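# Architecture at a glance
What follows is each chain in one-letter form.
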Amino acid sequence: MTDGVYVGRAGPDGAANQGWLLGHFMPKGELLHSTDVEVKWGVHPPGDRRAAWATGEVRTALLVLIRGAFDIELRDRTVLLREPGDYVVWGPGEDHSWQAGAVETVVLTVRWPSLPGWRLPVGP
């Protein structure tokens, strides 16, 4: 990046960071580095499930269904996203997990602020 513009492709660009494209974890000084917001392009195989519940969350998140089906599990309800463009927003203190539907599913997630220490370990 030399002119303040970055052009990429979400799938390949996110592969190195579990789908995350923008956030505190990108190299400082690069356009994709931000402590304000994180953006993820999530591609999930059929039936994919989050490895563990996210608890003690201090950020706000927006998740938009692009393709497939996705369930966001909250402690008091499950939100079913079935049509492209369906979305859910949850705030600080909302424990959550998720599961992809029966077909490959694509979601776009935006979280803010971007904070270190909130990433699940990469599975085997």
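See the structure shown above.
Residues numbered from 1 in each chain as written. Predicted model: local features only at pLDDT ≥ 70, side-chain atom pairs only at ≥ 80, totals over all residues. Heavy atoms only, no water.

### Regarding the overall build of the protein
Note the following rule: Secondary structure follows DSSP: runs of H or I at least 4 residues long count as helices, runs of E at least 2 residues long count as strands, and numbering of each begins at the N terminus. Taken over C-alpha atoms, the radius of gyration is set against a globule rule of 2.2 Å times the number of residues to the power 0.38. Whether a residue is buried, partly exposed or exposed follows from its accessible area with a 1.4 Å probe, protein chains only, as a fraction of its type maximum: under 20%, in between, or over 50%, in that order. In this analysis, two residues are considered to be in contact whenever any of their non-hydrogen atoms come within 4.5 Å of each other.
Looking only at helices and strands, the protein has one helix and eight strands in total. By the compact-globule yardstick of 14 Å for 124 residues, the protein fits well, its C-alpha radius of gyration being 15 Å. A principal-axis box enclosing the C-alpha atoms of the protein has dimensions of 45 × 30 × 30 Å. Here the protein, with 124 residues, has 35% of them falling under the buried criterion. At a minimum sequence separation of 6, the contacts of the protein that also span at least 24 residues come to 67%.

### Topic: the sheet that holds strand β8 (residues 105–112)
Using the following cut-off: A pair of strands counts as paired when DSSP detects no fewer than two bridges linking them. Only the stretch in contact is used when a helix axis is fitted, and all axes are lines through C-alpha atoms; the angle between N-to-C directions ranges over 0 to 180 degrees.
Strands sit in the order β1-β2-β8-β3-β6 across an open sheet of five strands; the sheet is antiparallel. Looking along the sheet, the strands with just one partner apiece sit at the ends: β1 (20–22) and β6 (87–90). Shown here is a sheet whose adjacent strand axes are inclined to one another by a mean of 20 degrees, direction ignored. In terms of strand pairing, β1 meets strand β2 (residues 38–44) through two bridges, oriented antiparallel.

### Regarding the nonpolar core
Spelled out, the test is: For the purposes of this section, nonpolar cores are sets of buried Ala, Val, Leu, Ile, Met, Phe, Trp, Tyr and Cys residues that join through side-chain atoms within 4.5 Å.
Of all hydrophobic cores here, the largest spans 12 residues; its members are Ala 61, Leu 63, Leu 65, Phe 70, Ile 72, Leu 74, Leu 81, Val 88, Trp 90, Trp 98, Ala 100 and Val 107. Looking at this core, the elements that each hand over two or more residues are β3 (60–67), β4 (70–74), β6 and β7 (96–100). If near-sequence neighbours (up to four positions away) are discounted, Leu 81 is found in contact with Leu 63, Leu 65, Ala 69, Phe 70, Ile 72, Asp 86, Tyr 87 and Val 88.

### Structural notes on the packing of aromatic side chains
Rules: Working definition: a ring pair exists when centres of Phe, Tyr or Trp rings (six-membered ring for Trp) sit within 6.5 Å. Plane angles under 30 degrees give stacked, over 60 give edge-to-face, the rest tilted.
Summed over all chains, the structure comprises two aromatic pairs. Aromatic side chains Phe 70 and Trp 98 sit 5.3 Å apart centroid to centroid with 25 degrees between the ring planes, which places their arrangement in the stacked category. Of this pair, Phe 70 sits in strand β4 while Trp 98 sits in strand β7, placing them 28 residues apart in sequence.

### Observations concerning a nonpolar patch on the surface
Here is the rule: Patch construction takes residues with relative accessible area above 30% that form no salt bridge. Like charges are linked within 9 Å, and nonpolar side chains (Val, Leu, Ile, Met, Phe, Trp, Tyr) are linked within 5 Å. For the area figures, the Shrake-Rupley method with a 1.4 Å probe applies, and any residue is considered shielded solely by the protein chains shown. The salt bridge criterion pairs a side-chain nitrogen of Lys or Arg with a carboxyl oxygen of Asp or Glu, the two atoms within 4 Å.
Together, Tyr 87, Val 89 and Trp 112 make up an exposed nonpolar region whose accessible area comes to about 320 Å². With respect to the helices and strands, the residue Trp 112 is situated in strand β8. A residue is classified by how much of its surface remains accessible, and Trp 112, at 34% relative accessible area, is partly exposed.

So yeah, pure geometry; function would need other evidence.
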